[in-house]
Amino acid sequence: MSDVTLPPRSAYEHLTRVRATRPGEIARAAARRRRRGLPAEGERLLVIAADHPARGALAVRDRPLAMASRTDLLDRLCTALARPGVDGILASPDILEDLLLLGALEGKLAFGSMNRGGILGSVFEADDRFTGYDAASIDAMRLDGGKMLCRIDPDDPATVTTLESCAAAVSDLARRQLVAMVEPFWSGRPGGGPLRNDLSPDAVIRAVSVAQALGVTSAYTWLKIPAVADMERVMDATTLPALLLGGDPPDIDAAYADWGRALRLPGVRGLVIGRALLYPPDDDVATAVDGAAALIREVGP
C-alpha cells in the first residue's frame, strides 16, 4: 500500500491490552500530545476524515464492508497521516484514542466527531443525536474542535431537535474557543425511501444559510460542504471558512478536478476527505493522499 512503516500486529494487540488494564493511558497520551496551531493567513488544510463507521457507514463504492476491519483502517490512517502535507484528522472517539496510543497524532490537528446517532438507513436517521464527543470532552482531550452533521429535512419533525442540538454544540465549543465544524445538508426521502442529500447548488446554499446562523456566535464556526456545481454562487452565500468534503465519488479523477477548481475560491480553506483517499480504487493510499496534497500546494497561499 505504501513504503511507510506501519504498526506491527503486536501494536494493535497492545491497544486492547492498554484498554483492558490501563485505560487512563488514553488521557495521558492526550495530555502529552504535541499539537499544532490552526492555519496561518492563506494556509489551506488537508484533513483526513474517519468518523463513518460510528454511524454504520462501512461501504465504499461496491464494497459494503470496506471499513469493517479496524486494523486495516488504522493501517490506512497511519499511512495517510504520515504523508507530507497532511494536517490532521477528523474522527470518532474510539479511532482518535487508538491513534493517540499509536503516537500517530503528533503535530497534527485533531477534530472530534460529535453526533453519530443518525445511523445510516435508519428510520431515525434525521434525528441525529449527539452520541460522540461533547465540547467538554473535546476540550479535556486537547482536541482542536468538534464536527457535527446537520441534515435538514423539512418533512421530518426530528430535524428541529438536530438543529437545536447543533446550535448548543456550536455555542459550547465557542465558549471554549474551539472550532465548530458544521456539515449541513438539505435532505429528504424521495418516494419515501432512504434519506438522501440534495447536492444541487440551491439546496447547498439553503443548508449553508441555516447552518451558519446556529449558536450564539459564529466566530469559531467552519463549514464542511461538498464541491458542487456553481461553487462560486455557493461560496457567495457565506463569509465563514469552508472545507470541502470528499464523500464516496464514483469517479475519483472527476472528484480531484472538482476539488481543485473549488480550492481556488477565497473562502475555501482546504479539504476534509475520508473514503476517497483511504480506499482509492487501486488501494494506493499514499498516492491518493499525495494527489490531494498536491492540489493544496498548487493553489498556494
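Numbering of residues starts from 1 in every chain and runs along the sequence as written. Predicted model: local features are reported for residues with pLDDT of at least 70 only, side-chain atom pairs are reported and counted for 80 or more only, and whole-chain, interface and lining totals are derived from all residues. Remark: hydrogens and water are excluded; side-chain values derive from all non-hydrogen atoms of the structure.

- Under an unreviewed UniProt entry, the name given to the protein chain is Deoxyribose-phosphate aldolase, and the source organism is Nonomuraea rhodomycinica.

1. Digging into the overall build of the protein chain
Link 1 in the chain: Each helix corresponds to a stretch of at least 4 residues labelled H or I by DSSP, and each strand to a stretch of at least 2 residues labelled E; elements are numbered beginning at the N terminus. Across its full length, the protein chain carries eleven helices and nine strands.
Link 2 in the chain: Two things to know: the radius of gyration comes from C-alpha atoms, and the globule rule equals 2.2 Å times the number of residues to the power 0.38. In summary, the protein chain has a C-alpha radius of gyration of 18 Å against a globular reference of 19 Å for 301 residues, a match within 12%.
Link 3 in the chain: Burial analysis of the protein chain (301 residues in total) assigns 56% to the buried set.
Link 4 in the chain: We call two residues in contact when some of their heavy atoms are within 4.5 Å. Summarising the internal contacts of the protein chain: among those between residues at least 6 apart in sequence, 70% fall at separations of at least 24. Remark: exposure states derive from per-residue accessible area (1.4 Å probe, protein chains only) relative to the maximum for the residue type, with buried under 20%, exposed over 50%, and partly exposed in between.

2. A word on the UniProt feature "domain: Cgl0159-like" (unreviewed entry) in the protein chain
Link 1 in the chain: UniProt positions are given in the numbering used here, feature names are shortened, and annotations may be inferred rather than shown by experiment. Taking the numbering used here, the UniProt-annotated feature "domain: Cgl0159-like" (unreviewed entry) corresponds to residues 43-293.
Link 2 in the chain: In this annotation, residues 43-293 is assigned 34% helix and 21% strand; the end-to-end C-alpha distance for the span is 12 Å.

3. Some points on the packing of helix α1 (residues 9-21) against helix α4 (residues 93-102)
Link 1 in the chain: Packing of α1 against α4 brings their axes to within 10 Å, and their N-to-C directions diverge by 110°. By the angle class used here, α1 and α4 are roughly perpendicular. In this structure, α1 meets α4 at a crossing whose hand is right-handed. Judged by residue contacts, Ala11, Tyr12, Leu15, Val18 and Arg19 of α1 engage Asp94, Glu97, Asp98, Leu101 and Leu102 from α4.
Link 2 in the chain: Amino acids outside the nonpolar list (Ala, Val, Leu, Ile, Met, Phe, Trp, Tyr, Cys, Pro) and the charged list (Asp, Glu, Lys, Arg) are all regarded as polar, and Gly is one of them. In terms of residue class, the contact of α1 with α4 is built from six nonpolar, no polar and four charged. The axes are straight lines fitted to the C-alpha atoms, using for helices just the contacting stretch, and the angles between their N-to-C directions are given from 0 to 180°. An angle below 35 degrees is treated as roughly parallel, one above 145 as roughly antiparallel, one from 65 to 115 as roughly perpendicular, and anything else as oblique. Throughout, a crossing is termed right-handed when the near helix is turned clockwise from the far one, and left-handed when it is turned anticlockwise from it by less than a right angle.

4. Quick look at the nonpolar core
Nonpolar side chains in soluble globular proteins tend to be buried together.
Link 1 in the chain: Throughout, nonpolar core names a set of buried Ala, Val, Leu, Ile, Met, Phe, Trp, Tyr and Cys residues whose side chains join them through atoms within 4.5 Å. Formed by 86 residues in total, the largest nonpolar core has its most connected members in Leu77, Leu99, Trp259 and Leu277.
Link 2 in the chain: Leaving out residues up to four positions away in the same chain, Trp259 has contacts with Ala227, Leu244, Leu245, Gly246, Ile252, Leu271, Ile273, Ala276, Leu277 and Leu295.
Link 3 in the chain: Counting eleven residues, the second largest nonpolar core, distinct from the first, contains Leu45, Ala49, Val179 and Leu243.

5. Some details on the pairing of strand β7 (residues 221-226)
Link 1 in the chain: Among the six residues of β7, six are classified as buried, and the element is accordingly described as predominantly covered.
Link 2 in the chain: Neither face of β7 is exposed, since Thr221, Leu223 and Ile225 on one face and Trp222, Lys224 and Pro226 on the opposite face are all buried.
Link 3 in the chain: In the sheet, strand β5 (residues 179-188) pairs with β7 via three bridges, with the strands oriented parallel. Across the sheet, the residue bridging to Met181 is Trp222, located in β7.
Link 4 in the chain: DSSP bridges decide pairing: two strands pair if at least two such bridges lie between them. Sheet analysis places β7 next to strand β8 (residues 242-245), joined by four bridges and oriented parallel. Bridging across to β8, Leu223 finds its partner in Ala242.

6. Brief notes about the environment of Ala158
Link 1 in the chain: With respect to the element layout, Ala158 can be found in the loop between β4 (145-152) and α6 (159-175).
Link 2 in the chain: Assessed through its relative accessible area of 18%, Ala158 is described here as buried.
Link 3 in the chain: Taking the C-alpha atoms as reference points, Ala158 and Leu263, separated by 105 residues in sequence, lie 34 Å from one another.
Link 4 in the chain: Those residues within four positions of Ala158 in sequence are excluded, and the remaining contacts are Ala126 and Asp127.

7. A word on unusual backbone geometry
Link 1 in the chain: Located in the positive-phi region is Arg142, a residue other than glycine, with phi close to 60°.
Link 2 in the chain: By the secondary structure assignment, Arg142 is in the loop between α5 (135-140) and β4.
Link 3 in the chain: One non-glycine residue, Asp283, adopts positive backbone phi at about 65°.
Link 4 in the chain: When you line up the elements, Asp283 lands in the loop between α10 (275-278) and α11 (285-299).

8. Examining the pattern of salt bridges
If charged atoms from side chains of opposite charge come close, those side chains can pair.
Link 1 in the chain: Criterion for a salt bridge: a side-chain nitrogen of Lys or Arg within 4 Å of a carboxyl oxygen of Asp or Glu. Overall, the coordinates contain 27 salt bridges when judged by the stated rule.
Link 2 in the chain: Where Arg83 meets Asp290, a salt bridge forms, and the shortest distance between an N and an O atom there is 2.8 Å. Here Arg83 is found in the loop between α3 (70-81) and β2 (88-91), whereas its partner Asp290 is found in helix α11, with 207 residues between them in sequence.
Link 3 in the chain: The class for Arg83 is buried, based on a relative accessible area of 18%.
Link 4 in the chain: On the basis of relative accessibility, which here comes to 26%, the residue Asp290 falls in the partly exposed class.
Link 5 in the chain: Here Arg176 ties to Asp172 by a salt bridge, and the two come within 2.4 Å at their closest N and O atoms.
Link 6 in the chain: Residue class for Asp172 comes out partly exposed when judged on its relative accessible area of 25%.

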